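# Structural features, examined
Below are the chains, spelled out letter by letter.
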Amino acid sequence: MSAAEKDALVQALGAGVRQPLLVDAQALEPYSHDFGGTARRLPAVVVKARCEEDVVHTFRTARARGVSVSVRGSGHSLRAQSLSDGGIVLENAPGDPDIVVGEDGRVEVSTRTRWGELESALNMVGRTAPVLTDHMATSLGGTLSVAGYGARSLVYGAHLDQVERLRLILPDGSARWCSQAEDGELFRYALGGFGQVGFIERVVMRTLPFQPVVRVQRNGFESFGALVESLSWTQGWDGPSPDHFFGQQKRGEVMSVFGASHPDEASASTTRIPGPLESLSHQRTHMLVRPGYFIQARTRADAPMEKLPRQFWSDYCFDYEGLRAFVKALEEGPRERYWDDNCLVRILALKRGSVRWPFDIRSLSSPASRLYGIGIYYRIEPGEDEKAERARQAHADFLARCLELGGRPYLYGCNAMTPELMERFYGDAYARLRALRRELDPDGLFNPGGLP
Ligand SMILES: Cc1cc2nc3c(=O)[nH]c(=O)nc-3n(C[C@H](O)[C@H](O)[C@H](O)COP(=O)(O)OP(=O)(O)OC[C@H]3O[C@@H](n4cnc5c(N)ncnc54)[C@H](O)[C@@H]3O)c2cc1C
């Protein structure tokens, strides 16, 4: 884009959005990388959108001028999805609270809300989001565009399963409400769809009564494989069960953590955790905790990209047998390459919902009612290029193994996905998405980095 074209673009955008635009190099720097820290792309301009009108004006201006727009929530993905090389970054920027909780427990909320803000508002009126991910500073729009899993996914699935309706702004700037019954296909391709068919502006979601105390059982294991073996009861379990779970290996310590929610300490301290857990003979610890115990991730410091660690993270989803085979390969694989000291490995159990979202990790061909996500997260300090290369190669191995075992990668992560791999993992859904995009965005200007 020439300097004159950029000036004209900035003028046209500025005429219709409320916040000042970011245009100088220093202001653009934080938008040139994401949490992964492995790619740099400098946009021409950043729009901080605070309302639907800002988004509509940006999309219309971009289309009229043939400029691409990339949508960014809080930029916590790792595959450069939210970056733009010389185009517009539209940041779904937090602003005034916009959260309405109805008598029936449904909440209508703007997607620029951060999860921490929503959860505090819900707790104040005795409600909670059924699923909370490990990171409360991400935007609703960003997590709903990937899926959103957490410790309560064991029982409640993903964030996106809780959405009943959403307001979608299409790439041409027109807007509509969608649900399973109204524009069902757009609804399914918008949620967990990496911003490929439009911008999710607002959602109406189910919530649950808030239970502030969790009774926890923590179990220690000798190896990650032993932890996975201990989970076999969860695969088909349909009776009363704990409602929180994660398993992890961190700095050599392997554990599983199960929790059951309670309205108060008295009931938590006198009620056993439902399910067969108490009869499992592992090194056990019992505790009473707040639900925040299950939310552990910290926001990364704000700094120029070269001073930040590079994060090679991805999660892979399998049925139970697939998980066992994957972990066996992980444990038998080249130790230095797979089990770096700074590598965290985490497992979540994922209940399947009634909807098969096209790009959701749970939409596997396996008929199992409960699936498992295993995340392998390498944090590489600046300058450690050899380690970075090992982490990249490890994830290339994991992706190949995932394909072989009938699993799916979680596409917020660092995997290098090619169109060929997309076809192999997502088949008809990928072909249909490409057709939808040709219809909705014929010039390919909307969120071009979302999926290959
Ligand atoms: C420390 C950390 C912990 C994490 N823990 C978990 C976890 O426990 N569970 C889990 O499921 N995930 C987890 N993730 C992954 C995280 O949920 C995703 O990276 C999520 O996309 C982050 O949201 P964001 O607001 O930063 O989105 P961004 O990274 O800014 O955007 C993600 C994608 O969504 C698109 N997008 C953003 N907003 C919209 C919108 N309104 N409409 C349409 N498209 C949009 C973007 O274009 C992009 O393709 C974690 C990530 C980090 C860094």
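Residues numbered from 1 in each chain as written. Predicted model: local features only at pLDDT ≥ 70, side-chain atom pairs only at ≥ 80, totals over all residues.

### Overview of the overall build of the protein chain
To keep things clear, this is the line we draw: Strands are runs of DSSP state E lasting at least 2 residues, helices are runs of H or I lasting at least 4, and numbering of each runs from the N terminus. The exposure scheme places C-beta atoms from the backbone and then counts, for each residue, the other C-beta atoms within 10 Å of its own, assigning buried at 20 or more, exposed at 12 or fewer, and partly exposed in between. Two residues qualify as being in contact provided that their C-beta atoms, derived from the backbone, are within 7 Å of each other.
Of the regular secondary structure elements, the protein chain holds 13 helices and 18 strands. By the burial criterion, 45% of the 452 residues in the protein chain qualify as buried. If you take every contact in the protein chain between residues at least 6 apart in sequence, the share linking residues at least 24 apart comes to 72%.

### Looking at the packing of helix H1 (residues 3-14) against helix H3 (residues 52-65)
Short version of the rule: Between N-to-C directions, angles cover 0 to 180 degrees, with each direction set by a line fitted to C-alpha atoms, over the stretch in contact for helices. We call two directions roughly parallel when the angle between them is under 35 degrees, roughly antiparallel when it is over 145, roughly perpendicular when it lies between 65 and 115, and oblique otherwise. Should the near helix be turned counterclockwise from the far one by less than a right angle, the crossing is left-handed, whereas a clockwise turn marks it as right-handed. Under the grouping applied here, Gly and all other residues not named as nonpolar or charged are polar, the nonpolar ones being Ala, Val, Leu, Ile, Met, Phe, Trp, Tyr, Cys and Pro and the charged ones Asp, Glu, Lys and Arg.
Axis separation between H1 and H3 bottoms out at 9 Å; the angle between their running directions is 150°. Compared by their axis directions, H1 and H3 come out roughly antiparallel. Of the two elements, H1 crosses H3, and the hand of that crossing is right-handed. Where H1 abuts H3, its residues Leu-9, Ala-12 and Leu-13 lie against Thr-58, Thr-61 and Arg-65. When grouped by side-chain class, the residues that make up the contact of H1 with H3 number three nonpolar, two polar and one charged.

### Quick word on the nonpolar core
The criterion, for reference: When buried Ala, Val, Leu, Ile, Met, Phe, Trp, Tyr and Cys residues are joined through C-beta atoms within 7 Å, the set is termed a nonpolar core.
Membership of the largest hydrophobic core comes to 108 residues, with the highest contact counts inside it found for Ile-88, Ala-190, Cys-317 and Tyr-372. Element by element, the count of residues in this core is highest for strand S17 (residues 370-380), at seven residues. In this structure, Ala-190 is in contact with Leu-166, Leu-168, Cys-178, Val-197, Gly-198 and Ile-200, ignoring residues within four places of it in sequence.

### A short note on the site of the ligand
The line we're drawing: Being near a molecule or strand means, for a residue, that its backbone-placed C-beta atom lies within 6 Å of it. What fixes the domain bounds is an automatic or database domain assignment.
Among the 34 residues in the neighbourhood of the ligand, the closest are listed as Gly-73, Asp-134, Gly-141, Gly-142 and Gly-195. When residues in the shell around the ligand are grouped by element, the largest group, three residues, is from helix H5 (residues 140-144). Residues of the shell around the ligand, tallied by class, amount to 10 nonpolar, 22 polar and two charged. Of the domains in this structure, domain 1 (3-92) and domain 2 (99-209) are the two that each give at least three residues to the shell around the ligand.

### Some thoughts on the sheet that holds strand S1 (residues 45-49)
Short version of the rule: DSSP-based pairing: two strands are paired if at least 2 bridges between them are found.
Read from one edge of the open sheet, three strands run S1-S3-S2, paired in parallel fashion. Looking at which strands have only one partner, the edges of the open sheet turn out to be S1 and strand S2 (69-72). With direction set aside, neighbouring strand axes in the sheet form an average angle of 25°. Strand direction decides the pairing type here: S1 and strand S3 (residues 88-92), joined by five bridges, are parallel. Within the sheet, the bridge partner assigned to Ala-49 lies in S3 and is Asn-92. Of the strands in this sheet, S1, S2 and S3 touch H3, which is tilted by about 150° from S1.

### Quick word on unusual backbone geometry
Among all residues save glycine, negative phi is the norm, and among peptide bonds the norm is trans. For Arg-251, which is not glycine, the phi dihedral falls at a positive 45°. In this structure, Arg-251 sits in the loop between strand S12 (244-250) and strand S13 (253-262). Given 8 C-beta atoms within a 10 Å radius, Arg-251 is considered exposed.

### Digging into the domain arrangement of the protein chain
Parsing the protein chain into structural domains produces domain 1 (3-92), domain 2 (99-209) and domain 3 (213-289). Taking only C-alpha atoms, the centre of domain 1 and the centre of domain 3 are 44 Å apart.

### Details of helix H12 (residues 385-404)
Here is the rule we go by: Expected span of a helix: the number of residues minus one, times 1.5 Å. Directions from the helix axis toward the C-beta atoms define the arc.
For H12, with 20 residues, the first-to-last C-alpha span of 29 Å sits near the 28 Å given by 1.5 Å per residue. Of all the residues in H12, the buried ones are Ala-391, Ala-394, His-395, Phe-398, Leu-399 and Cys-402. The buried residues of H12 occupy an angular sector of 140° when the element is viewed end-on, so they sit on one face. In H12, the exposed positions angled more than 90 degrees off the buried face are occupied by Asp-385, Glu-386, Glu-389, Ala-396, Ala-400 and Glu-404. Gly-406 lies just past H12 and shows a positive phi near 75°.

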